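# Results of the structural survey
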Amino acid sequence: LQPFISRSRQLQRNVMQMLALYRLPQAGSFSKEDAWPASTLRAAIDCVFQLYPDRQIISVIDEDLQGYYCDSLVQLAITSLLHNSLQMGATEVVISANETADYLVIQVDDNGPGFDHRILAGEIESLRPGGTGLGLNFSRMIAAHHTRGQEPHIRKGALLLSNRPEGGARVVLQLP
């Protein structure tokens, strides 16, 4: 019963976060705070692991790594990216995070089939039967609304999709 209650609470949080995303273009911004990617990624992994207990999700991250972002929205984006990987058949997902000079970089690599060239070209949103592409769209929106700096030197977050040379998908979430 406890996993059901926990999943129900997570779904309620996700719906509230999606409503906040829907309103984001009108609101213009959301609150950001000091956050720890290891904690954010652990929460996202816990959420999807309940649905895919037979899959391997490996986290490679420094516990002391710190960022400045909206923790709940970034958790929603990462949860969505993990769901996408596992729904498309990946049996192993590696999620990592590191800092560059300008960005916090969160990377999700999987051993699934990778992205169709039409998704990479932006021509379609999803190939999954019943798929809407909302997960990637929300993740892009979350990334893009994370900004840092002042005009004309403003940096925006980004969501980058690619296929790994050895097979599988790679998604990079960059947050300034």
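Residues numbered from 1 in each chain as written. Predicted model: local features only at pLDDT ≥ 70, side-chain atom pairs only at ≥ 80, totals over all residues. Heavy atoms only, no water.

## As for the overall build of the protein
Per the secondary structure count, the protein includes five helices and nine strands. Mapped in sequence order, the helices and strands of the protein form the string α-β-α-β-β-α-β-β-α-α-β-β-β-β. Sorting the 176 residues of the protein into buried and exposed places 41% on the buried side. Counting every atom, the protein has about 9,600 Å² of accessible surface; 53% of that belongs to carbon and sulfur. (Helix = DSSP H or I, 4+ residues; strand = E, 2+ residues; numbered from the N terminus. Buried < 20%, exposed > 50% of the residue type's maximum accessible area, 1.4 Å probe, protein only. Areas by Shrake-Rupley, 256 points an atom, 1.4 Å probe, with all protein chains shown as cover.)

## Things to note about the pattern of salt bridges
A full pass over the atoms with the stated rule returns five salt bridges. With a closest N to O distance of 2.9 Å, Glu63 and Arg42 form a salt bridge. Note that Glu63 is positioned in the loop between β2 (56–60) and β3 (67–69) and Arg42 in helix α2 (residues 37–49), a separation of 21 residues in sequence. For Arg118, the salt bridge goes to Asp116, with nearest N and O atoms at 2.9 Å. (Salt bridge = Lys/Arg side-chain N within 4 Å of Asp/Glu carboxyl O.)

## A word on the nonpolar core
Val74, Ile78, Leu82, Ile95, Ile106 and Leu173 are the most contacted members of the largest nonpolar core, which totals 38 residues. Listed by contribution, the elements that provide at least two residues to this core are α2, α3 (71–87), β4 (92–99), β5 (104–110), α5 (134–144), β8 (158–163) and β9 (169–175). With eight residues, the top contributor of residues to this core is α3. Sequence-distant contacts of Leu82, defined by excluding residues within four places in its chain, comprise Ala44, Ile45, Val48, Ile57, Val93, Ile95 and Val108. (Core = buried A, V, L, I, M, F, W, Y, C linked by side-chain atoms within 4.5 Å. Contact = heavy atoms within 4.5 Å.)

## Some words on the packing of α2 against α3
The N-to-C vectors of α2 and α3 enclose an angle of 45°; their axes lie 9 Å apart at closest approach. Classified by the interaxial angle, the pair formed by α2 and α3 is oblique. The handedness of the crossing between α2 and α3 comes out as right-handed. Of the residues in α3, those in contact with Thr40, Leu41, Ala43, Ala44, Ile45, Cys47 and Val48 of α2 are Asp71, Val74, Gln75, Ile78, Thr79, Leu82, His83 and Leu86. Of the residues that constitute the contact of α2 with α3, the class distribution is 10 nonpolar, four polar and one charged. (Axes fitted to C-alpha atoms, helices over the stretch in contact; angles between N-to-C directions. Parallel < 35°, antiparallel > 145°, perpendicular 65-115°, else oblique. Left-handed = near helix turned anticlockwise from the far one by under 90°. Nonpolar A, V, L, I, M, F, W, Y, C, P; charged D, E, K, R; others polar.)

## Some remarks on α3
Along an α-helix, a turn takes 3.6 residues, which lines up residues three or four apart on a common side. For α3, with 17 residues, the first-to-last C-alpha span of 24 Å sits near the 24 Å given by 1.5 Å per residue. Among the 17 residues in α3, 13 count as buried, and that is most of the element. Backbone geometry just after α3 places Gly89 at a positive phi near 105°. (Expected span 1.5 Å × (residues − 1).)

## Observations regarding the packing of α3 against α5
In the contact formed by α3 and α5, the axes pass within 9 Å of each other and the chain directions differ by 150°. Here α3 is positioned roughly antiparallel relative to α5, judged by the angle of their axes. For the pair α3 and α5, the crossing hand works out as left-handed. Between α3, through Leu73, Val74, Leu76, Ala77, Ser80, Leu81 and Asn84, and α5, the contact on the second element is made entirely by Gly135, Leu136, Ser139 and Ile142. Across the contact of α3 with α5, the residue classes tally to seven nonpolar, four polar and no charged.

## Considering the confidence of the model for the protein
Regions with low pLDDT carry predicted coordinates that are not meant to be interpreted in detail. Summing up the model confidence of the protein, the mean pLDDT is 86 and the portion of residues at 70 or higher is 84%. Element-level mean pLDDT values for the protein span from 68 in helix α1 (residues 2–27) up to 98 in β5. (pLDDT = per-residue confidence, 0-100.)

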